[in-house]
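# Summary of the model geometry
For reference, the chains in residue letters:
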Amino acid sequence: MKAILYSQRNEGPVPRRPTGLCAVSVAEHRCGPAHPPRSRRGKERRNSSGEWQEEGVRGRWPPKAAPAAMPSSALWAVDLFGRVFTLSTAGQHWEPCRDAQLEFKRVSAARDCCWGIACDHQVYVLVGASDVPIRCQEEAYENQRWNPVGGFCETLLPSDRWPWSDVSGLQHRPLDGVALPSLHWEWESDWYVDENFGGEPTEKGGWTYAIDFPAAYTRDKKWNSCVRRRRWIRYRRYKSQDAWAKIPSEDDPQQLPDPFSDLSVGGWEVTDEPVGRLSVWAVTLQGKVWYRENVSHHNPEGSSWSLVDTPGEAVQISCGPHDLLWVTLWEGQALVREGINRNNPKGSSWSTVEPPTSENGILHVSTGVCVVWAVTKDRKVWFRRGVNSHNPCGTSWIEMFGEMMMVNVGLNDQVWGIGCVDRALYFRQGVTQSELSGKTWKVIVAGREGDRSLSGSSFSLHSAGCFFGNEVRGSAESCGPGDTDASWEVPGPASSPAGLRGKESWKGPSHATANFPEATDLSSLRLLPLGLEEPDSADCHALWAWVSGGGCAVEAHTTLKWFTTQSGLCPSVQTLSLSITPAQTAAWRKQIFQQLTERTKRELENFQHYEQAVEQVRNARGTSSSRHPSVWVKTGALQWWCDWKPHKWMDVHVALEQLTGHDGAQDSILFIYYVVHEEKKYIHVFLNEVTALVPVFSEAKHSFALYTPERTRQRWPVRLAAATEQDMSDWLTLLNLSCCESRRMHGRPSPQAIWSVTCKGDIFVSEPSPDLEGPERRLPCDQMFWRQIGGHLRVVEANSRGVVWGIGYDHTAWVYTGGYGGGCFQGLASSTSNVFTQWDVKFVHIYENQRWNPVTGYTSRGLPTDRYMWSDATGLQECTKASTKPPSLQWTWVSDWFVDFSVPGGTDPEGWQYASDFPASYHKYKTMKDFVRRRCWARKCKLVTTGPWLEVTSVALRDVSIIPESPGAHGSGLNIALWAISDKGDVLCRLGVSELNPEGFCWMHVGTDQPFTSVSIGTCYQVWAVARDGSAFYRSSVSPSRPNGDCWYHIPPPPKQRLKQVSVGHTSVFALDENGNLWYRQGVTPSHPQGDSWEHVSNNVRHVSVGPLDQVWVIADKVQGSHSLSRGTVCRRTGVQSLEPKGQGWDYGIGGGWDHLSIRASATRAPRSSSQKPASKQNGQPPSVAGGPWQTPGPVCC
């Protein structure tokens, strides 16, 4: 056989970067010759030198301060004087908006426009300028009928359409009756005839002919053409770009009896929304809600206002970029609009949401993509939990830190707010898709031109924690708001957050020298309140009234320039030249000490609601503390899944106590405090009894499961949930570290470790002990300790020489680097080297189903007994494009939905598969008996993490197998045999794999007659494989000198079954079929390696792994415990002996979401030595308590 070597390099041509027209060229190509840039205000004229200059520039700001065009991504804000400013994400200064004579109350921004309500209660819109103008086409049709006397004429029958009409003929539309929508439009040209029809020119005059109205028109006149028509078109251009344009009022004054008080813009990202369409909502002073019809990029003003009935009087409204719309009522409740979609942008009904507290109603609300923030009447800030497209009302309120006048949610769910006391503008840092509530409020200190002279009042003294300046003021002087340049942040959600307190005024001593006051009263050193950041001195007079981030795109990890001053220290500090006397220094020191003492007390009070991490030393009277153990305590607030009815999440307080003994050994206890029927109770878990800590990622909770031997048998782990992903990661890291400390288990896994992967892609390892496979007293499988290793895989395969390979969901091969940690275990629980970035990609599939109708053909209206018209592959679960989310919070979408043409059975050109009924066998061609069809849609999502893994090669793999070391073998100098199956079904053999080079250097192709799906190599180089047709194959003559073997021997599968996986140990061969049946190959001997027949062992098996000792471990599909049913459970076959290779029963281990297992590195059967005595303790079980396994005499059945 000829062997084909696959090189590890994958070279190819470098893609050439496409080129295109520049912006000016495009403008010239589309709109004629490019003109000089026209000013947004006033008129232009040429000066004597031929340059363009602007006339009639008016406003408060001088012409030199007028900004350029509106930035594409900017934050909009209104100060207390009604002036509108923008702050670009790439800038550092506030820029005044155009038309400075207008004073606004509030604004609502989108990507390329901003709507606002001025002080005259009128609505205005500002559309950003672009190289391509906004143009709209107006059309009218001239209709004529043939007359036997005069030929075609405008004299029509009474039943005919209008002589001048729209395309439908129902609306009278004379050319002189088509007017501009408002004064902000202008005609580009006069009316002219469109002489193009269907991409081909018409005869002179642009007429198209038909038999009658309406009918199919042609450009050729025929003998029976009794009617004709031609289209007149005219273009109008929007001329008020980069200027505030007043929205015209209704013609009927009774329709809008009162002015507007609030408005909101959103809806541009509704699923399948036409590009450029907006939803503009407004509230009037009488509490009515209005919707602006037909607002789009080509119609920025919209057409008209339509009234939307509400069950109460509205005060304020907020519309998110998707389908969220919330309204606040005078009574303090909130209304949520439901039924908003592409076909019904105004929604269908209202739902009521009660305020967080009955004492203080909701004052202000702001919505994003899937978040809602609110401010109550007592200025507290609240975050709405559980908000999404399917549940726009959310589930509960979470109180956030700080007191705000208002908050606003912008693009990417970023949040801004205005402080209720200082009127400063704050940005919520740390907002990500996984942590929507963010972490800290940080003040924006970007300056404005004209405020620079105020910077001289700032002062700073960093060494004392307080802030001084070079001016020692007298008793008649005081410092205004914002005279410090400190920067400070606040944490996220708190149970009892402190407010944004005002600043304390201060006075200096009354006596002064001739040049400057001799001393400063240190009570003037105002201490910053906990949780907010002091505004910069350069922006101390910026008092804001409104903010809008709908046009501000801030990515989760974007570095902004809004939070730093540009000039360093203020001039007063830079010119500090004071002669300070020793008496003044002593007085200042005393006052500084008093101030620090007061600040410490105040900060401790504010931090009482934060989680504590305290180390306590227990001292006995008259003894040294070093002789007594120390206790380290960490507390926090989590949620706990209640073990009894009504089985729901409960808010609990948790405390982790870690006791360090005299010998340095650590034991930890986790306490969970909860309240039931107003009675305080708690449960506790000894961490040396914990067998696994498993993250459970879902759309709504950052939760994890805690297993103990008892909980494993019950199939009922302790489930805890954190408020944010970071909190969950912190607790997981700390608990894992404590569990490992209790067992004195550190560093990388041993070469004999057992590796496994959950259905979420998390990687776990367990260190085997000699008792694990002991013939007399085996360690029960549920007492094994599993610890998580960073990374993300779908398949993992290990070898006792330390070579570990993995395969991701995107079929990328990864090799283990020897490190540990990564991902959420960065830091103390991770190695400092051999941890690299790892990624994974998977596709989420949904199906569009249709049934044939005799009248309309295939339609989405099915029978009552049919599956959902949008469903999963089984049809039992409804899965629409809008409702389908990534597999977990770790994944992010990286593509849009697209038709998948690679489904089994093939598709027609549009991606449809046909069948006689649901469910049935699908095929790609329609026949007379096919009454249903389906189409598969796919969307790609990506995960990026870190772990001790490196990418191996560009060849995509489906399965991999590494030769296990037989007991007592010493082959450290030999290469390690590694076989794999590519994603296309090719069989490959890896060359050059060793302990020093675990990735090898090239592939050798092994020829087959058909694609394969699974491969396994035993300790004696027995290579077995499974083909795509479900049959098995054995490869003969495989050896270190002949790594690719000789030929394949075909082995039929069990009767009426199709195999899908095979695993080979020392002498045993086990296989798994597509129905979950486990089979053992009888009659395998060195002289007859193919065996004789298949013998059934068990059912209900998802995956099988056979080790070098012929031990058999499986992933069971379903296992019933005493409390619950678990899917994906690790099980070990008991009673496996040389005379009974099939085993006798099952020992059930960790369960609930496991998907893959590799026992092929575990070859520990040596008698216990002194160096191995602590092994049982490392697995959380003293040697004297090791009991027999839980066995069942028959196969696993459910």
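Rules and cut-offs
Residues numbered from 1 in each chain as written. Predicted model: local features only at pLDDT ≥ 70, side-chain atom pairs only at ≥ 80, totals over all residues. Heavy atoms only, no water. Helix = DSSP H or I, 4+ residues; strand = E, 2+ residues; numbered from the N terminus. Buried < 20%, exposed > 50% of the residue type's maximum accessible area, 1.4 Å probe, protein only. Contact = heavy atoms within 4.5 Å. Pairing = 2+ DSSP bridges. Salt bridge = Lys/Arg side-chain N within 4 Å of Asp/Glu carboxyl O. pLDDT = per-residue confidence, 0-100. Phe/Tyr/Trp six-rings, centres within 6.5 Å; stacked < 30°, edge-to-face > 60°. Lys NZ or Arg CZ within 6 Å of the ring centre and 35° of its normal. Expected span 1.5 Å × (residues − 1). Axes fitted to C-alpha atoms, helices over the stretch in contact; angles between N-to-C directions. Core = buried A, V, L, I, M, F, W, Y, C linked by side-chain atoms within 4.5 Å.

## Here's the deal with the overall build of the protein chain
What the protein chain contains, in helices and strands, is 6 helices and 75 strands. The buried share of the protein chain, taken over its 1198 residues, is 52%. Contacts spanning at least 24 positions in sequence make up 59% of the contacts within the protein chain whose residues lie at least 6 apart.

## Quick notes on the pairing of strand E69 (residues 1078-1082)
In terms of burial, E69 is a largely internal element, 4 of the 5 residues being buried. For strand E68 (residues 1069-1073) and E69, the ladder comprises 3 bridges, and the chain directions are antiparallel. Counted as the bridge partner of Ala1071 is Trp1079 from E69. Here E68 hands over to E69 after 4 residues, with Gly1076 in that stretch at a positive phi of 85 degrees. Here E69 runs beside strand E70 (residues 1093-1098); their pairing, made up of 5 bridges, is antiparallel. When the bridges of E70 are listed, Trp1079 appears paired with His1096.

## Concerning the pattern of salt bridges
All told, the structure shown has 28 salt bridges when counted by the stated rule. With its nearest N and O atoms 3.1 Å apart, the salt bridge here joins Glu293 to Lys346. Pair noted here: Glu293 is in the loop between strand E22 (289-292) and strand E23 (305-308) and Lys346 is in the loop between strand E26 (334-338) and strand E27 (349-353), with a separation of 53 residues, a long-range link. Note on Lys346: relative accessible area 26%, which makes it partly exposed. Across the salt bridge formed by Arg1102 and Asp1117, the nearest N and O atoms sit 2.7 Å from each other.

## Section: the side chain of Ser703
Turning to its location among the elements, Ser703 is positioned in strand E43 (residues 702-707). The class for Ser703 is buried, based on a relative accessible area of 0%. Contacts of Ser703, omitting those with residues within four sequence positions, involve Trp649, Pro695, Val696, Arg719, Leu720, Ala721 and Met728.

## Digging into the confidence of the model for the protein chain
Counting all residues, the mean pLDDT for the protein chain is 77, and 75% of those residues have values of 70 or more. Low confidence marks residues 452-539, where pLDDT is under 50. Its contacts with residues over four positions away, or in another chain, come to 234 contacts. A low-confidence stretch, residues 566-579 (pLDDT under 50), is modelled with 26 contacts involving residues beyond four sequence positions or located in other chains.

## A closer look at the packing of aromatic side chains
The full count for this structure, using the stated rule, is 43 aromatic pairs. An angle of 40 degrees between the planes, with centres 4.6 Å apart, marks the rings of Trp94 and Trp544 as tilted. Taken together, the residues Trp94 in strand E6 (residues 93-96) and Trp544 in strand E36 (residues 544-548) connect sequence positions 450 residues apart. Taken as a pair, Trp94 and Trp544 share a single burial class, namely buried. Ring centres of Phe671 and Tyr673 lie 6.1 Å apart, and the angle between their planes is 20 degrees; on these two criteria the pair is classed as stacked. Looking at Phe671, the relative accessible area reads 14%, which means it is buried. Taken together through their ring pairs, the aromatic side chains of Trp76, Phe104, Tyr124 and Trp244 make up a single cluster. Sitting over the face of the ring of Trp546, Arg106 holds its NZ or CZ atom 4.1 Å from the ring centroid.

## A look at helix H5 (residues 725-743)
Taking 1.5 Å per residue, 19 residues should reach 27 Å; H5 reaches 27 Å between its end C-alpha atoms and fits that length. One or two residues past the end of H5 sits Arg744, with phi positive at roughly 55 degrees.

## Things to note about unusual backbone geometry
Note that the residue after Phe213, namely Pro214, is joined by a cis bond; omega there is -25 degrees. Note that Pro214 resides in the loop between strand E17 (208-210) and strand E18 (227-238). Each neighbour pair has its own omega, and for Phe918 with Pro919 the value is -20 degrees, a cis peptide bond. Mapped onto the fold, Pro919 is located in the loop between strand E56 (912-915) and strand E57 (932-947). Its identity is not glycine, yet His121 carries a phi of approximately 65 degrees, on the positive side. You can see His121 is positioned in the loop between strand E8 (113-118) and strand E9 (123-127). Within the chain, Tyr1021 stands out as a residue other than glycine whose phi angle is a positive 65 degrees.

## What about the sheet that holds strand E25 (residues 325-329)?
The strands that make up a sheet are held in pairs by hydrogen bonds between backbone atoms, and each pair lies either parallel or antiparallel. Taken in spatial order, the 4 strands line up as E24-E25-E26-E27 in an open sheet, and their pairing is antiparallel. Strand pairing shows two members of the sheet lacking a second neighbour, strand E24 (314-319) and E27, which therefore form its edges. Neighbour-to-neighbour, the strand axes of this sheet turn through a mean angle of 25 degrees, independent of strand direction. Both E24 and E25 contribute to a ladder of 5 bridges, which runs antiparallel. Within E25, the residue paired with Gln316 across the bridge is Thr328.

## Section: the nonpolar core
Within the largest apolar cluster, 37 residues are counted, with the highest numbers of intra-cluster contacts made by Trp805, Leu957, Trp979, Trp1003, Phe1012 and Trp1048. Looking at this core, the elements that each hand over two or more residues are strand E49 (804-807), strand E50 (813-816), strand E59 (957-962), strand E60 (978-982), strand E61 (987-991), strand E62 (1002-1006), strand E63 (1012-1017) and strand E64 (1023-1027). Trp76, Phe104, Met405 and Phe563 belong to the second largest nonpolar core, which has 36 residues in total.

## Examining the environment of Leu638
Considering the arrangement of structural elements, one finds Leu638 in strand E38 (residues 630-641). When its relative accessible area of 5% is taken as the criterion, Leu638 is described as buried. Those residues in contact with Leu638 that lie beyond four places of it in its chain are Met650, Asp651, Val652, Val654, Leu720, Ala721, Ala722 and Trp731.

## With respect to the pairing of strand E40 (residues 666-676)
Summarising the sheet, strand E39 (residues 649-660) and E40 pair through 8 bridges and their orientation is antiparallel. The residue of E40 that forms the bridge with His653 is Tyr673. Bridging between E40 and strand E41 (residues 679-686) involves 8 bridges; their strand directions are antiparallel. Note on E41: the bridge partner recorded for Tyr674 is Lys681. The antiparallel pairing of E40 with E41 creates a hairpin that spans 2 residues between the two strands, and His677 there sits at a positive phi of about 55 degrees.

## Quick look at the environment of Gly430
Assignment of secondary structure puts Gly430 in the loop between strand E33 (425-429) and strand E34 (440-443). Once the C-alpha coordinates of Gly430 and Gln414 are considered, the two residues, 16 residues apart in sequence, prove to be 8.9 Å apart. Those residues in contact with Gly430, other than ones at most four positions away along the chain, are Glu435, Gly438 and Lys439.

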